[in-house]
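Architecture at a glance
For reference, the chains in residue letters:
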Amino acid sequence: MSNEKENKRVLTSLPVRSRINADTDLWDQVTFLKQDCRTSGVIPSLEPNFKKGDTLSAYLCSPSTDQLSTGFMDLGWGCGYRNCQMLMSFLQHEMQDGEPLLKNVLDITGIQLLIEKAWKEGFDSLGAAQLEHHVFKTRKWIGTTEVYTLFTYLGIRSTIIDFHQPGPENLHENMFDWIEYYFTSNNNTTTTTGHVYITNKPPLYLQHQGHSRTVIGIELLKSGKRNLIMFDPGRRMLRLSSRIKYNSSLSRPFRVDDKTIAKNKQYSLLVLGQVTNDENGKMIWDSDKSYLLNEDERERMKNIISLTF
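Now for a quick tour of the structure. (Residues numbered from 1 in each chain as written. Predicted model: local features only at pLDDT ≥ 70, side-chain atom pairs only at ≥ 80, totals over all residues. Heavy atoms only, no water.)

Here we come to the overall build of the protein chain. If you tally the helices and strands in the protein chain, you get 11 helices and 14 strands. A burial count over the protein chain gives 52% of its 309 residues as buried. Looking at the protein chain alone, contacts between residues at least 24 apart form 73% of all its contacts between residues at least 6 apart. Surface accessibility of the protein chain: about 14700 Å² in total, with carbon and sulfur atoms responsible for 49%. (Helix = DSSP H or I, 4+ residues; strand = E, 2+ residues; numbered from the N terminus. Buried < 20%, exposed > 50% of the residue type's maximum accessible area, 1.4 Å probe, protein only. Contact = heavy atoms within 4.5 Å. Areas by Shrake-Rupley, 256 points an atom, 1.4 Å probe, with all protein chains shown as cover.)

As a further point, take the pairing of strand S4 (residues 158-163). Burial within S4 is extensive, with 6 of its 6 residues counted as buried. The side-chain alternation of S4 yields two buried faces, one formed by Ser158, Ile160 and Asp162 and the other by Thr159, Ile161 and Phe163. The pairing of S4 with strand S11 (residues 267-272) spans 6 bridges and is classified as antiparallel. Its bridge partner lying in S11, Thr159 is registered against Val271. Strand direction decides the pairing type here: S4 and strand S14 (residues 307-308), joined by 2 bridges, are parallel. Its bridge partner lying in S14, Asp162 is registered against Thr308. (Pairing = 2+ DSSP bridges.)

Turning next to helix H8 (residues 144-153). For H8, a buried count of 9 out of 10 residues is recorded, marking the element as mostly surrounded by other parts of the structure. Taken as a whole, H8 has its buried residues at Thr144, Glu146, Val147, Tyr148, Thr149, Leu150, Phe151, Thr152 and Tyr153. Of the residues trailing H8, Gly155 is marked for its positive phi of about 85 degrees.

Looking now at helix H6 (residues 108-120). Taking 1.5 Å per residue, 13 residues should reach 18 Å; H6 reaches 19 Å between its end C-alpha atoms and fits that length. Burial in H6 covers these residues: Ile108, Gly110, Ile111, Gln112, Leu113, Leu114, Ile115, Glu116, Ala118 and Trp119. Close packing links the buried residues of H6 with helix H3 (24-29), helix H5 (79-93), helix H7 (125-130) and H8. Backbone geometry just after H6 places Gly122 at a positive phi near 95 degrees. (Expected span 1.5 Å × (residues − 1).)

Bringing the packing of aromatic side chains into the picture now. For the coordinates displayed, the defined rule picks out 10 aromatic pairs. Aromatic pair Phe123 and Tyr153: ring centres 5.9 Å apart, planes at 80 degrees, arrangement edge-to-face. Taken together, the positions of Phe123 in the loop between H6 and H7 and Tyr153 in helix H8 put the pair 30 residues apart, joining distant regions of the chain. Using a relative accessible area of 6% as the deciding quantity, one classes Tyr153 as buried. Arranged with centres 5.2 Å apart and planes meeting at 20 degrees, the rings of Phe163 and Phe309 form a pair that is stacked. On the criterion of sequence distance, the pair formed by Phe163 in strand S4 and Phe309 in the segment after S14 is long-range, its members being 146 residues apart. Overall, the relative accessible area of 2% leaves Phe163 in the buried class. Judged by its relative accessible area of 32%, Phe309 is partly exposed. Through a chain of ring-to-ring contacts, the aromatic side chains of Trp178, Tyr181, Tyr182, Phe183 and Trp285 assemble into a single cluster. The lysine or arginine in question, Lys201, covers the ring of Tyr182, its NZ or CZ lying 5.0 Å from the ring centre. (Phe/Tyr/Trp six-rings, centres within 6.5 Å; stacked < 30°, edge-to-face > 60°. Lys NZ or Arg CZ within 6 Å of the ring centre and 35° of its normal.)

On to the packing of H5 against H8, then. Where H5 meets H8, the axes come as close as 10 Å, and the angle between the chain directions of the two elements is 35 degrees. Of the two elements, H5 crosses H8, and the hand of that crossing is right-handed. Two secondary-structure elements touch here, H5 through Gly80, Cys84, Leu87, Met88 and Leu91 and H8 through Val147, Leu150 and Phe151. Of the residues belonging to the contact of H5 with H8, the class tally is 7 nonpolar, 1 polar and no charged. (Axes fitted to C-alpha atoms, helices over the stretch in contact; angles between N-to-C directions. Left-handed = near helix turned anticlockwise from the far one by under 90°. Nonpolar A, V, L, I, M, F, W, Y, C, P; charged D, E, K, R; others polar.)

The structure is reproduced here in structure tokens:
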């Protein structure tokens with residue numbers, strides 16, 4: 001009996017990722033994003049856009065992040081899925097213990113299918129009820145909670161932070177502060193060109209009422225102002241074949257200042273990895289924590305608990 005308990009303990013402490021990646025039945029049911037729907041190599045090519053005299057410094061996410069836009073078939077409702085796929089592209093290229101964190105980037109119907117599978121296993125019962133337990137082959141929007149559910153089902157650690165106190169003039173300075181901290185602290189920068197730093201950090205999924213975008217960095221200006229740098233799937237950017245060298249002038253980064261952010265009072269941020277409170281009560285991104293969940297952690301995270309700023 002003791003050996004049986006020990007074997008069970010060992011199994012539940014192993015990363016879910018290996019079991020999921022080896023589940024051929026699961027992967028045979030889903031379809032993957034076509035390569036010509038995603039543009040790789042965009043992040044490093046953005047550096048020339050920050051050579052203006054008013055830029056003090058710019059910090060960008062991992063160059064493993066691909067850029068995607070909504071297509072004609074998902075225009076008006078597909079932004080949540082496209083932002084999810086941009087985070088997935090990072091996970092696909094990130095390796096741990098000789099395996100990618102995610103086997104492949106799912107297409108929209110693949111994302112929908114796995115969300116429904118997660119619901120059937122008891123993940124986010126409240127969210128499942130709100131969407132009537134059905135998203136497969138529909139045009140229903142998804143947001144941070146559905147993406148969290150999908151990643152948890154796949155054994156990927158993520159954290160939701162809600163920013164519901166916009167502060168003076170609705171400028172969301174707390175959110176800007178946290179995103180600046182995220183991109184500028186504990187960095188192993190892969191590339192530094194002048195005042196542009198390309199980090200190893202995952203992109204962030206940012207949602208407000210009716211829309212979501214992917215935050216790929218932050219720009220600090222000499223005036224003290226800040227711009228979030230985003231990929232907005234709703235903006236039509238020129239898609240280029242991965243075989244063609246990317247030209248930054250064809251798709252400039254989407255700068256978003258605090259006045260634009262102030263148009264919405266509430267935001268929700270999904271962060272890959274774990275965000276915890278340090279000894280001073282500050283929310284920090286734990287760079288030492290694995291992206292991978294074990295079976296016990298996955299079970300505990302079936303019900304969504306978000307942090308509130």
